[in-house]
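This is what each chain is made of:
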Amino acid sequence: MSEFLREHGEYVWVKPQNTSSEFAVPFGARIVRTEKTQTLVCDDANKQFWVPAGDVLKAMHLTSHEDVEDMITLGDLQEYTILRNLQTRYAKQLIYTYTGSMLVAINPYQILPIYTHREIQLYRNKKLNELPPHIFAISDNAFQRLQRHKENQCVVISGESGAGKTESTKLILQYLAAISGKHSWIEQQIIESNPIMEAFGNAKTVRNDNSSRFGKYIDIRFTPEGAIQGARIQQYLLEKSRIVFQSRDERNYHIFYCMLAGLTSAERSRLQLEEQSPSQYHYLAQGGSFTLPGKQDAKDFADIRAAMKVLSFKPDEIWCILSLLAAILHLGNLRFKATEVANLEAAEVDDSVNLQRVADLLGLATSPLNAALTQRTIFVHGEHVVTSLSKEAALEGRDAFVKSLYDGIFVRIVRRINDTIDKRPEAPVNSIGVLDIFGFENFDNNSFEQLCINYANENLQQFFVAHIFKMEQAEYQLEHINWQHIEFQDNQDILDLIGMKPVNIMSLIDEESKFPKGTDNTLLEKLHVQHGTRSIYVKGKTTQTSLFGIRHYAGVVMYNPLGFLEKNRDSFSSDLRNLVQRASNKYLVDIFPHEMPMDTAKKQPTLSIKFRNSLDMLMRTLSQAHPYFIRCIKPNEYKEPNNFDKELCVRQLRYSGMMETARIRRAGYPIRHAYRAFVERYRLLVPRTGPLDQCDCRLLARQICEAALPADTDRQFGRTKLFLRDEDDILLEAERSRIMLKYIVTIQKGIRRVLFRRYLLKYRQAILTVQRYWRGRYQRRRYQTMRRGFHRLGACIAAQQLTTKFTMVRSRTIKLQALCRGYLARKRFALELTAKRQQHKELKRVQEQELLRLRTEQAEKEQLRLKAEQEQLRLKQEQEKQAQQRQAEEQQRLREQIAARNAIAMSAVQQPKRTKSIKRTEQPVLPAPTLQARMSLPPPPPMSPIIITPMAGRPSSTAAGINGKAVETPGYESSKQIVDDVFGFLNDEPDVSGPLGPNVKEKSLLFERELRLRKDIPKKLLSRPVNYYEAAPRKIVNQTRL
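Only a predicted model underlies this, so the values are computations on that prediction, with no experimental measurement involved.

Trainee: Mind showing me how you'd approach the sheet that holds strand 22 (residues 671-674) here?
Mentor: Pairing between sheet strands relies on hydrogen bonds along the backbone, with the strands arranged either parallel or antiparallel. Strand order in the open sheet formed by 3 strands is 22-24-23, and the pairing between neighbours is antiparallel. Of all the strands in the sheet, just strand 22 and strand 23 (716-717) have a single pairing partner and so form its edges. Where strand 22 lies against strand 24 (residues 721-724), 4 bridges are found, and the strand directions are antiparallel. Counterpart to alanine 674 in the pairing with strand 24 is lysine 721. Against the sheet, helix 25 (residues 675-682) touches strand 22, strand 23 and strand 24, its axis set at about 95 degrees to strand 22.

Have a look at this one:
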């Protein structure tokens, strides 16, 4: 039953839940269950929830149950019905929907395979409603109508930023170029103009990565044969403020980033662009966004250059454009410093490098450019007065010059493109115009640009409303309906307020811009005085609020007049303008044409005058053509596919004027039914009728209306449709609901009776079944009890017999186990004993082997040790031999020295004395040594060799002599002789060099050697080191102590 209700429940419209937004609208749902105070509904997302019964507004028209390709066919054309139809189709990735000849396009934010060559051939020469909605169908219908009726056509594309206007324009141009029949050079030039226009006129915004910041109208002319003859592009209201300022996460125009990424190093050096990163340029770094995902700036720059060549741009012309763009970047980096001149604020350029770069690129002298940027010439009483600018004024003047310069470059490029693609026809031809213009805008801070944009949209809305009303009239005439009494209101009052009637808002802005003392505040006061009493003019909430508002067709928009006059003047310093006329850069001179002197020439037209003139020309062009409208809708703010934000889409539908279609229809007969569909829905309001195939549906519809509606209601019977007012539809639905409820209650009574009887019979049968099973179960349980008793008795008898048998078997088994266990224990003991003995033998054998190995190793180590001792002994003997030889040599040398000194001393003693009178003419004779000196002379050393007596118990090998032979060592006579032999050198001549002279050192060494050689010296003589001369203590290395 629930599945039936889910699929076949009544479709209704329900009030928005849990929201108070002005853009919240009723939504469609199916009724699942109804109670007294609440209703369970299921929305289009298959979510079920309860709503108050009073929130169910009315039943849904049959045409709204499923999506329709043309929303004109909706029987109930309302704001919420349009929204639900678009949402349902968007969920199926059907992004195009018709509303008559108007196409609604929802940005899918993904690539769909619906723009291939197959689709171009499929929609060619097809009627508008013959195939599903598509932008190619609009393009083909416009082309076929141009060929058939020989009248101009136009396609108006509008929508918010990011809704897909630019892509829609490119698709229309692509289709027209494909079906024109000839793939000529002019078609390629028209297509190649898009990259150039996008590079210089598109930028990244918060809402769109490729947002068009200008409006354009492309007029494509066709020959009578259907080939493209030429085209012309007209641009509107370029956003110049973006050149000098960007909000967070936004970029400047694409051309700057493409130029920095695509120029070669040599070209950048020529343009003096030392830094390639956009972050190094003030005019590009304010938004903080430098790259775009999926966009290659270097490749785009190559495409732009190629497109310029296709459109006949000369290389010098391209280079001049790049030079001016580089000059704009250098102007953005130009710094000013605040100073004072004659107690007045002044400014001077604080960046000579960038100033020189700008002057070189613009073809100007540095000094005049510096003066034009920091000074201003005023024409007062027929004289020119030069005044200094403050730092803030200098910055504003620089920005104004940059904005005018870039606007001039953009206008010059559009003019150059038109010179290439605008081929003057020899005979009158027809054209298809494509208007890509900004949609209605309402921001937190709305300025002069928003006023101009909304004024343009008001004009387009009036044009659209007039076209929709003509469509309604055409349908009424087709159905033979009397429509003379139907009236509708347009937005002519708003147009009169802004720019048509005398003393309008724009004329007041122009008037205030011409006054020298005019300010934004005085402008606001005049607006309040002149239009404050009008209903479509809104004042600020308080007197301190500097705002004014206008009730547009899409809602109230509050404007901030700050900066209105300066933007409307759309000019920069006359000093800079005069200086530019003397520039050597001819391209720059062409951008700013020469003006007459200020005292004789007419004043320059303001921006509002220029915009209104171009807008009037555009509206005249559109009024002379048959229009098609494409409304682009952005489904969400996050650029995500398959995400449909209802409130955002409702706001865009209101701003696009889509709701005017419903309003115009409500002014006439908003509810329309085909006769057969009307009879199928409301046939229960009259007595029983036969099959519809055999009845006159128009006659039955008339009978239904006469039976259910009052006689004075306003209804019309057309050829194929019934036209009703809203109140008539409400009455019909209420009467149908009443009768349906009556029939439903009757059916419910019968069904409930049948259901209750079925339940009663089922319940009685269930009781009988339970009783039957219960009785059978009782008998089975009784039988089981008796059976268990008999089984238990037999079990007791069998248990007694088994117990006796078991006792006998158990006793015998125990005795057998005892014998077996003894046998097994003895056997196990014997095995363990044998194993232990074998283990002991094995262990003893291993120990003997280990002992033998250790002995062998010890013997080997002993042999190695003996060899080492023998080697050490041999080395020692060699060392002793060498020491003895050195000792003998030293003793011989000492003996010779002592003998020489003794000879000298004796010769000196034996020489006779001379008298003092004799003059010493000969060599001086050495004085005779004193007695003390003679006493200090050492005795001659003993001539006998020192014989070393080996100690007892020392091996005989230690007493080896020279050549390895044993030498006999006789013993000493007494201890005195030993002392004399050892310390005999102490009687030598004393050393005159000091207590520690060379002799002492030599003798000490000799004594130590003697000690090492003599092993039988008494220990009492060598118990400590001897200090022979009481010299200062010193460290003796390697002192031997025995």
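Trainee: Sorry, what's going on with the pairing of strand 13 (residues 336-341) here?
Mentor: On any regular strand, side chains alternate: one points to one face of the sheet, the next to the other face. For strand 13 and strand 14 (residues 344-349), the ladder comprises 6 bridges, and the chain directions are antiparallel. By the bridge assignment, glutamate 340 is partnered in strand 14 with glutamate 345. Hairpin geometry of strand 13 and strand 14 is characterised by an intervening segment of 2 residues between the two adjacent antiparallel strands and by a positive phi of about 55 degrees at alanine 342.

Trainee: Looking at this model, I keep getting lost on the side chain of asparagine 252. Mind explaining?
Mentor: Along the chain, asparagine 252 falls in the loop between strand 12 (228-236) and helix 7 (254-262). Classification of asparagine 252 as buried rests on a relative accessible area of 1%. One polar contact links the side chain of asparagine 252 to the main-chain carbonyl oxygen of tyrosine 283, over a distance of 3.0 Å. With near-sequence residues (within four places) excluded, asparagine 252 lies in contact with Ala203, Lys204, Arg242, Ile243, Gln246, Tyr257, Tyr283 and Leu284.

Trainee: Help me understand helix 4 (residues 135-149), please; the structure alone is not making it clear to me.
Mentor: Every α-helical turn comprises 3.6 residues, leaving residues that sit three or four positions apart pointing alike. With 15 residues, helix 4 extends 21 Å from end C-alpha to end C-alpha; this agrees with the ideal 21 Å at 1.5 Å per step. The buried fraction of helix 4 is high, at 11 of 15 residues. What helix 4 keeps buried is the set Ile135, Phe136, Ala137, Ile138, Ser139, Asp140, Asn141, Ala142, Phe143, Gln144 and Leu146.

Trainee: Got a minute to help me understand the confidence of the model for the protein chain in this structure?
Mentor: For residues with low pLDDT, the predicted coordinates do not support detailed interpretation. In the predicted model, the protein chain carries a mean pLDDT of 83, and the fraction of residues at 70 or more is 84%. Below pLDDT 50 for its whole length, residues 1-8 participates in 5 contacts with residues either more than four positions away or in separate chains. Predicted confidence is poor over residues 942-973, with pLDDT under 50, and the contacts of this stretch with residues over four places away or in other chains come to 34 contacts.

Trainee: How should the nonpolar core be read in this particular structure?
Mentor: Most often, soluble globular proteins keep nonpolar side chains buried together rather than apart. Counting residues in hydrophobic clusters, the biggest one holds 190 residues, and the most contacted among them are Phe200, Phe256, Leu325, Tyr406, Ile409, Leu622 and Ile630. When near neighbours in sequence (up to four residues on either side) are disregarded, tyrosine 406 contacts Ala199, Phe200, Leu238, Ile243, Tyr253, Ile255, Phe256, Leu325 and Ile328. Of all hydrophobic cores here, the second largest spans 19 residues; its members include Ile671, Phe717, Leu732 and Ile739.

Trainee: So what exactly am I meant to see when it comes to the pattern of salt bridges here?
Mentor: Two side chains bearing opposite charge may form a pair once their charged atoms approach each other closely. Per the counting criterion, the structure on display carries 52 salt bridges. One salt bridge connects aspartate 570 with lysine 610, and the closest N-O pair in it is separated by 3.7 Å. Here aspartate 570 is found in the loop between helix 19 (564-569) and helix 20 (574-580), whereas its partner lysine 610 is found in helix 22 (residues 607-623), with 40 residues between them in sequence. Overall, lysine 610 belongs to the partly exposed group, its relative accessible area being 36%. Close ionic contact of arginine 874 with glutamate 871 constitutes a salt bridge, the shortest N to O distance being 2.1 Å. Of this pair, arginine 874 and glutamate 871 both sit in helix 27 (residues 726-910), 3 residues apart, which is roughly one turn of the helix. With a relative accessible area of 37%, glutamate 871 lands in the partly exposed category. Residues joined in a network through salt bridges with shared partners are Glu10, Arg681, Glu733 and Arg736.

Trainee: What is the right way to read the packing of helix 5 (residues 165-179) against helix 6 (residues 185-201) from this model?
Mentor: The geometry of a pair of packed helices is captured by two quantities: the angle between their axes and the separation between those axes. One way to put it is that helix 5 packs onto helix 6 with a least axis distance of 9 Å and a crossing angle of 170 degrees. As far as their axial angle goes, helix 6 and helix 5 are roughly antiparallel. Seen along the crossing, helix 5 lies across helix 6 with a hand that is left-handed. Where helix 5 abuts helix 6, its residues Thr166, Lys170, Leu173 and Ala177 lie against Glu187, Ile191, Asn194 and Glu198. Considering only residue class, the contact of helix 5 with helix 6 consists of 3 nonpolar, 2 polar and 3 charged.

Trainee: How should I be thinking about unusual backbone geometry in this particular structure?
Mentor: With glycine set apart, most residues show a phi of negative sign, and most peptide bonds adopt trans. Its identity is not glycine, yet tyrosine 109 carries a phi of approximately 55 degrees, on the positive side. Positive phi, normally seen in glycine, also occurs at valine 503, with a value near 55 degrees. Mapping valine 503 onto the fold places it in the loop between helix 16 (492-500) and helix 17 (505-514). With a relative accessible area of 35%, valine 503 lands in the partly exposed category.

Definitions and cut-offs
Residues numbered from 1 in each chain as written. Predicted model: local features only at pLDDT ≥ 70, side-chain atom pairs only at ≥ 80, totals over all residues. Heavy atoms only, no water. Pairing = 2+ DSSP bridges. Helix = DSSP H or I, 4+ residues; strand = E, 2+ residues; numbered from the N terminus. Contact = heavy atoms within 4.5 Å. Axes fitted to C-alpha atoms, helices over the stretch in contact; angles between N-to-C directions. Buried < 20%, exposed > 50% of the residue type's maximum accessible area, 1.4 Å probe, protein only. Polar contact = N/O pair within 3.5 Å; in protein donor to acceptor, adjacent residues only side chain to side chain. Expected span 1.5 Å × (residues − 1). pLDDT = per-residue confidence, 0-100. Core = buried A, V, L, I, M, F, W, Y, C linked by side-chain atoms within 4.5 Å. Salt bridge = Lys/Arg side-chain N within 4 Å of Asp/Glu carboxyl O. Parallel < 35°, antiparallel > 145°, perpendicular 65-115°, else oblique. Left-handed = near helix turned anticlockwise from the far one by under 90°. Nonpolar A, V, L, I, M, F, W, Y, C, P; charged D, E, K, R; others polar.

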